[in-house]
Each structure stands twice: as C-alpha cells, then as structure tokens.
Amino acid sequence: MKLRRIRAEAFGALRECSLDGIGDGLTVVLGPNESGKSSYAALVRQVLYGFPDRRSRDHGYLPRAGARAGALTFESADGMWSIVRSDGSKGGSVTVETVRGEPRPQLLGEIVGRVTPETFRVVFGFGLDELDDIESGSDADVMARLSAGAY
C-alpha cells in the first residue's frame, strides 16, 4: 500500500490544496519556513488517528473558518482508495472512498494496524514540537522515544 496524495480541504492555513504524485521510495518535501511542510505531516497523522480536541497538547490546526477536513489517497496493485476525515466529535468522522477497485471499508485499520499515534510520530512525523519535547527531557527519555519506533 502506497500513499499517493495528501489533500487538505481545510487544515490550519492549508485550504483546498494537495501534495500530488507521491511516488515510490523516499519522498522529500522541501520548502521554506511556513510553506506547509509540518502542516502536511500533521494532516497525515491526524487523518489516520483523529483530529485532537481543544484539551489535547497536539496542535489542532484549526482553520480560520469552517471545520477541518482532509484526505489521504492510497494505492496498491488491486485498487486506489481515499481515507477522508471530517471534523467532529471523538477525532472526527472517517470514510473510505473507492477510487478504483473493490470497496475496502476497513482500510484505515489495515494501514494503521497496531501502530500507536506516538510511534507514528516518532518514526514518520518528527517535527519541531517533538524536538522541543525531547530537548526538555533527559538522554534516557530521548532514547526511549527513538527506540519506541524500532519495535
């Protein structure tokens, strides 16, 4: 299963924009400060695991107007599907839309499996907030966070 597109309907400063044509292998998103790199990384995590509520320590990326919404499009040899998350209670509502192939309503669970949001963040979404958290901790805390992604 490969991620092919990240779509921000409304997510923080991102509105009606996407990263398209994500290819095989390593993908690097390069841009100046404040161009949306961290926002796209957070969008991926939050579409997979849910939008945080106002009590969460996680940045909520609330848009200036309207509700948060985004989609991730995945492809495999047997089809293509979009996981779409819209703002709402308990992390927001999620649907799986079939672009090509047979319907896969359980796709989110297949992709996330038993990977916790914390492990996902350490392995795939290491940003400035996480660096600040680690900087304020001990060396043992840093090693625990990094080794959590190895299992």
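Refer to the structure presented above.
Residues numbered from 1 in each chain as written. Predicted model: local features only at pLDDT ≥ 70, side-chain atom pairs only at ≥ 80, totals over all residues. Heavy atoms only, no water.

Caption draft 1: Summary view of the overall build of the protein chain. Secondary structure summary: the protein chain contains five helices and five strands in total. Reading the protein chain from its N terminus to its C terminus gives the helix and strand order β-β-α-β-β-β-α-α-α-α. Residues counted as buried form 36% of the 151 residues belonging to the protein chain. Excluding contacts between residues fewer than 6 apart, the proportion of contacts in the protein chain whose partners are at least 24 apart in sequence is 44%. As displayed, the protein chain offers around 9,600 Å² of accessible surface, 54% of which is attributable to carbon and sulfur atoms. (Helix = DSSP H or I, 4+ residues; strand = E, 2+ residues; numbered from the N terminus. Buried < 20%, exposed > 50% of the residue type's maximum accessible area, 1.4 Å probe, protein only. Contact = heavy atoms within 4.5 Å. Areas by Shrake-Rupley, 256 points an atom, 1.4 Å probe, with all protein chains shown as cover.)

Caption draft 2: The arrangement of the sheet that holds strand β3 (residues 69-76) in detail. If you walk across this open sheet you meet the five strands as β2-β1-β3-β4-β5, and the pairing is antiparallel. Edge positions in the sheet fall to β2 (14-19) and β5 (93-101), since each of these pairs with one other strand and no more. Each adjacent strand pair in this sheet contributes to an overall mean axis angle of 15°, direction not counted. Alignment of strand β1 (residues 2-11) against β2, held across five bridges, turns out to be antiparallel. What sits directly across from R7, in β2, is S18. (Pairing = 2+ DSSP bridges. Axes fitted to C-alpha atoms, helices over the stretch in contact; angles between N-to-C directions.)

Caption draft 3: Seen up close, unusual backbone geometry. Here E16, not a glycine, exhibits a phi torsion of approximately 50°, which is positive. Although it is not a glycine, E34 sits at a positive phi angle of roughly 65°. Relative to the helices and strands, E34 resides in the loop between β2 and α1 (37-49).

Caption draft 4: Geometry of helix α3 (residues 117-124). Along α3, the positions that sit buried rather than exposed are T119, F120 and V122. End-on, the buried residues of α3 take up no more than an arc of 165°, which puts them together on one face. Summarising the geometry of α3, the exposed residues directed more than 90 degrees from the buried face are E118 and F124. (Arc of directions from axis to C-beta.)

Caption draft 5: Structural detail: the environment of I83. Summarising the element assignment, I83 is placed in strand β4 (residues 79-86). Note on I83: relative accessible area 0%, which makes it buried. Between the alpha carbons of I83 and L48 there is a distance of 8.1 Å; along the sequence they are 35 residues apart. What I83 contacts, discounting residues up to four positions off in sequence, is V47, G70, A71, L72, F74, V94, T95, V96, L107, L108 and I111.

Caption draft 6: Fine view of the pattern of salt bridges. Counted by the stated rule, this structure contains 10 salt bridges. Notably, a salt bridge pairs R4 with D24, separated by 2.8 Å at the nearest N-O pair. Taken as a pair, R4 in strand β1 and D24 in the loop between β2 and α1 lie far apart in primary sequence, 20 residues in all. R7 serves as the salt-bridge partner of E9, at 2.9 Å between the closest nitrogen and oxygen. The class for E9 is partly exposed, based on a relative accessible area of 28%. (Salt bridge = Lys/Arg side-chain N within 4 Å of Asp/Glu carboxyl O.)

Caption draft 7: A look at the environment of S82. Relative to the assigned elements, S82 resides in strand β4. In this structure S82 comes out as buried when scored by relative accessible area, which is 9%. Sequence-wise, S82 and R7 are 75 residues apart; in three dimensions their C-alpha atoms are separated by 9.6 Å. Filtering out sequence-adjacent residues up to four positions away, S82 remains in contact with L72, T73, T95, V96, E97 and V99. A distance of 2.7 Å separates polar atoms of two side chains, one belonging to S82 and the other to T73. (Polar contact = N/O pair within 3.5 Å; in protein donor to acceptor, adjacent residues only side chain to side chain.)

Function-wise, these values are silent; they only describe arrangement.
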